[in-house]
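# Remarks on the overall topology
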Protein chains: 2
Amino acid sequence: MKFTVKLIDIGTREVLLNIEDARSINALAGDRVQVLNENTGVSVAAFVSTTTTLIPQGTVGVYRITNEKLAVEDGHLVEVRLADRPSSLQFIKKKMDGERLTKDETFAVIRDVVNHDITPAELTAYITACYINALDMDEVEHLTRAMVETGEQISFHTHPIVDKHSIGGVPGNKISLLVVPIIAASGLKIPKTSSRAITGAGGTADLMEVLAPVGFSAEEVQKMTLKVGGAIVWGGATNIAPADDRIIIQEYPFRIDARGQMLASVMAKKYAVGADLVVIDIPVGQGAKVANVMEGRKMAREFIELGERLNMRVECALTYADSPVGRSIGPKLEVREALRILEGGDTPGSLLQKSAAIAGIALEMSGKAPLGTGSQMAVDILKSGAALAKFREIIEIQGGDPSVKSEDISPGKYEFVVNAPASGYVVEMNNQSLISMARNAGAPHDRGAGILLHAKKGNRVEKGEPIFTIYAERSWRLQKAIEEGRRLMPVLVEGMLLDRVPREFSWV
Amino acid sequence: MKFTVKLIDIGTREVLLNIEDARSINALAGDRVQVLNENTGVSVAAFVSTTTTLIPQGTVGVYRITNEKLAVEDGHLVEVRLADRPSSLQFIKKKMDGERLTKDETFAVIRDVVNHDITPAELTAYITACYINALDMDEVEHLTRAMVETGEQISFHTHPIVDKHSIGGVPGNKISLLVVPIIAASGLKIPKTSSRAITGAGGTADLMEVLAPVGFSAEEVQKMTLKVGGAIVWGGATNIAPADDRIIIQEYPFRIDARGQMLASVMAKKYAVGADLVVIDIPVGQGAKVANVMEGRKMAREFIELGERLNMRVECALTYADSPVGRSIGPKLEVREALRILEGGDTPGSLLQKSAAIAGIALEMSGKAPLGTGSQMAVDILKSGAALAKFREIIEIQGGDPSVKSEDISPGKYEFVVNAPASGYVVEMNNQSLISMARNAGAPHDRGAGILLHAKKGNRVEKGEPIFTIYAERSWRLQKAIEEGRRLMPVLVEGMLLDRVPREFSWV
């Protein structure tokens, strides 16, 4: 049937039909239709929403994502008909039935994911099936290649290209802000794409955005890397491995991170930027994605094998994840802390050591540093001021202010100090609770929101001494964070559970 | 944050936020928020869509389903905040991990399904997990009870209450239009809820709607059944086992029908209407849901066991499904065919026999007919005119015209006759292709669209004799059905594949 177009500015892959029209083409809400732009011959699949009043019969509401490729305007005529079932649904069914998918089948699924030709629910079925019927290494390789080839790719003429990735799970892990400048200052190239926080208090992209824009195309990333040796950008803007972002969104409600998909997700992004040498940071500890060293070693072997299949050299570092990295959580606080070290500071030691260790592995892999000396070379690069100078070049080429100093970065003006309810040792510091407090305070959206730790696990504190400060940009956000802190009690001093001794508790 | 309400007439469980506001509450498109009506204290979960222009900052667009319980009006103030994760997501994850769910866990999931508190994608994860990690009989029983208890229920003071169900997969299966009047005419009570077609050319509800309204509440179904002995209504309007409809919609893209869910789906509807005696029609044959008799017997045993757990007596009939039941496919054609038999007709024999057999089992189970005589009693009731009289009472009480006759029912005015391309025997008649043609002709929406078979499998036809007629209410629909017929070639005469002998093919 033919319909008159009315554009609707909602960011989904849908069309809105009067319920009578929907019935007339035998479509129910949620059904897939093909919409044909008869002027261009372009046809796109979209999903039906229905209304009784918003759209009269004979008109079709075309949502923003639907119109990305369709490119129609108000008043145009389009043909709308019930769509055929995409063949990838059969392949998803096959995976549900416990069979292995071929390379072509995996590519078909991922292509449909990227083109929005299957629904979030259908993608969830694929993810669930792959979670239960785990992918073997062939399937992981196919998935990785499919993710790469359905997005933008960078290819460099100079080698080696270095990259790093942290698989996440530990708060305050701002090491990319140090590792990238160190590597670039050594003369190597490192085109670092990074993510925004989904469940965290700030991804590397959120952090870098405090200093400079982070939205660039893949081509721009390549140019910047060639010019100054590195860049720290938001991967979501590059259209590199776009399928991965969609998969992650669907995994999120279940907090799953199926092994095969995780491997493919990480390595697709490294492969797509043309990396030759890759360092993977695997935080290990309670509450991290990897609970113990045995599991971490197994994951490391899988990363290395997948790297070999893709012609990348991979080394993995199992890192300590029982406490936050450094003493800050939240974009501005973390950026300030990283800048202080680049400016020559020695603390926090955990941040300095971890950054130097990860950078050092890459320096050794590349041959820049003899085995066993990479970490020291990284520290030397930091101390010499070369990393700071390089970071400023990176900030400048991304459009930020290269003269920025750590003291220019101020957290939100609303703050609340939490003091030790008793003297003793900090025996527990719950990562998830700290993140939850930071998010309630407004991070990552409010760049100045977050948590600054004054004591860390194992430290001795005296009664009334500050343990941590909550920062927020809005006063109601500070209140919410305080409430969340009361509920979660993220810090334990000498085995005394704070919420069982309210009379001694200093929140009020 | 507080927002001003703007109602939006779109039938989903969403809210529309300006993208800046969404960021400000840390919500991404698709995230779950809680919307609080501060006047009533009612809070509902909804999912975020984002826009840059349709909604200004400070305003929230409230979609129709979101507002069903929220009950706000334009200009009201509501509080919108990021929602907690429903606990049923943990249970779904547990099922993904291969564990069994307890009764409480299953109830939590189904409650969230009914309240739209989990997304279609999350429900799909549950369905996929239950498909791969099959439910055991305890879990099936819990699922059945959860489906029943989260919807309306009917309870009768008189007994026994009879019900029947066909598990589907064979076209033209209009037997409920005969079975219900026969049973009711015998003095038994049969409150029949039925479905509309999803993939078929007409569900029993679509058929009955040709004769009378089918949308009634559970209470109305009970009253009508008490008054005239039976009713044939659309289950979707009764709010009986509403979770089931949502599950079926999500299964549809994958054409799966997980055993446990199917058992629960069928039996929940029987249990909820208070049935004591249930006859299950299990069509067996190529292309049906059950491919062979062994599988059919296994399914029958499962139905019987589940019935015992729920205190219902169940008998199953394995029925022939290689050809359509009767000679018509599509609402009006099927209704006309059923009325002709109620009016005393003897053909088509397949419809008469099958209806009498199914009704006969129920008559025997109830003690109305001695064992081995039920089917004959059903035929006698038909021949006496008692079933027709009862059907007219049912039509009348549902608000239709009780004086309706078969000759009053006319199919669509556009028709196309397909003739035999050669003399021979009809050796194949593809059920799925016949349904697809009927749907392309406009069925079930266009009640007069469908297929009338002049020959059936095994019949001798002479070259040029009509094999079947396609009916449609709109000429473009007829064209589409003809094209679909050309593509699918649903009928084979004496092993001659029609699409390989286009010169002899009489479509043109």
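Above this note sits the structure.
Residues numbered from 1 in each chain as written. Chains lettered and ligands numbered in written order. Predicted model: local features only at pLDDT ≥ 70, side-chain atom pairs only at ≥ 80, totals over all residues.

### Some details on the overall build of chain A
Counting secondary structure elements, chain A contains 19 helices and 18 strands. Against the compact-globule benchmark of 23 Å for 508 residues, chain A has a radius of gyration of 25 Å, which places it among compact chains. Seen through its C-alpha atoms, chain A measures out along the principal axes to roughly 75 × 60 × 45 Å. In chain A, which comprises 508 residues, the proportion classed as buried is 56%. The long-range share in chain A, meaning contacts at least 24 apart out of those at least 6 apart in sequence, stands at 78%. (Helix = DSSP H or I, 4+ residues; strand = E, 2+ residues; numbered from the N terminus. Rg over C-alpha atoms; globule rule 2.2 N^0.38 Å. Buried ≥ 20, exposed ≤ 12 C-beta atoms within 10 Å, placed from the backbone. Contact = placed C-beta atoms within 7 Å.)

### Let's talk about the relation of the copies chain A and chain B
Overlaying chain A with chain B gives an RMSD of 0.0 Å, the required rotation being 180° about an axis along which the chain moves by 0.1 Å. Taken together, these values place the two copies in the relation of a two-fold axis. Considering only C-alpha atoms, the residue of chain A closest to the rotation axis is Ala121(A), which sits at 1.8 Å. With an isologous cut-off of 70% or more, the 100% of interface residues of chain A that recur at the interface of chain B puts this contact in the isologous class. (Least-squares fit on C-alpha atoms with pLDDT ≥ 70 in both.)

### Observations concerning the interface of chain A and chain B
Across the boundary between the two partners, chain A contributes 38 residues, which contact 38 residues of chain B. When contributions to the side of chain A that touches chain B are tallied by element, the ones reaching two or more residues are α1 (19–24), β4 (43–51), α3 (88–96), α5 (120–132) and α11 (242–251) of chain A.

### A few points about the sheet that holds strand β18 (residues 491–493) of chain A
Residue and element names in this part refer to chain A. The strand order β16-β14-β18 describes an open sheet built from three strands, whose pairing is antiparallel. What marks the edges here is a single partner per strand, and that holds for β16 (460–461) and β18. Pairing geometry for strand β14 (residues 424–429) and β18, over three bridges, is antiparallel. In the strand pairing of β18, glutamate 428 is matched with leucine 492. (Pairing = 2+ DSSP bridges.)

### Considering the packing of helix α6 (residues 137–149) of chain B against helix α13 (residues 293–309) of chain B
Two packed helices can be described by the angle between their axes and the distance between those axes. Residues and elements named next belong to chain B. Contact geometry for α6 and α13: axes closest at 10 Å, N-to-C directions at 60°. Considered as vectors, α6 and α13 are oriented oblique to each other. The handedness of the crossing between α6 and α13 is right-handed. Contacts between α6 and α13 involve Met137, Val140, Glu141 and Thr144 from the former and Glu305, Leu306 and Arg309 from the latter. (Axes fitted to C-alpha atoms, helices over the stretch in contact; angles between N-to-C directions. Parallel < 35°, antiparallel > 145°, perpendicular 65-115°, else oblique. Left-handed = near helix turned anticlockwise from the far one by under 90°.)

### Considerations on the sheet that holds strand β2 (residues 14–18) of chain B
Residue and element names in this part refer to chain B. Reading around the circumference, β1-β5-β2-β4-β3-β6 is the order of the six strands in this closed barrel, with mixed pairing throughout. The mean inter-strand angle of the sheet, taken between neighbouring strand axes irrespective of direction, is 45°. As defined by bridge partners, strand β1 (residues 2–8) adjoins strand β6 (residues 77–82) across three bridges and the pair is classed as antiparallel. When the bridges of β6 are listed, phenylalanine 3 appears paired with valine 78.

### A short note on the packing of helix α9 (residues 218–228) of chain A against helix α17 (residues 386–397) of chain A
Residue and element names in this part refer to chain A. Contact pair α9 / α17: the axes reach a minimum separation of 10 Å and the direction vectors enclose 145°. Viewed along their axes, α9 and α17 form a crossing whose handedness is right-handed. Across the interface between the two elements, Met224, Lys227 and Val228 from α9 touch Glu393, Ile394 and Ile397 from α17. Among the residues forming the contact of α9 with α17, the class breakdown is four nonpolar, no polar and two charged. (Nonpolar A, V, L, I, M, F, W, Y, C, P; charged D, E, K, R; others polar.)

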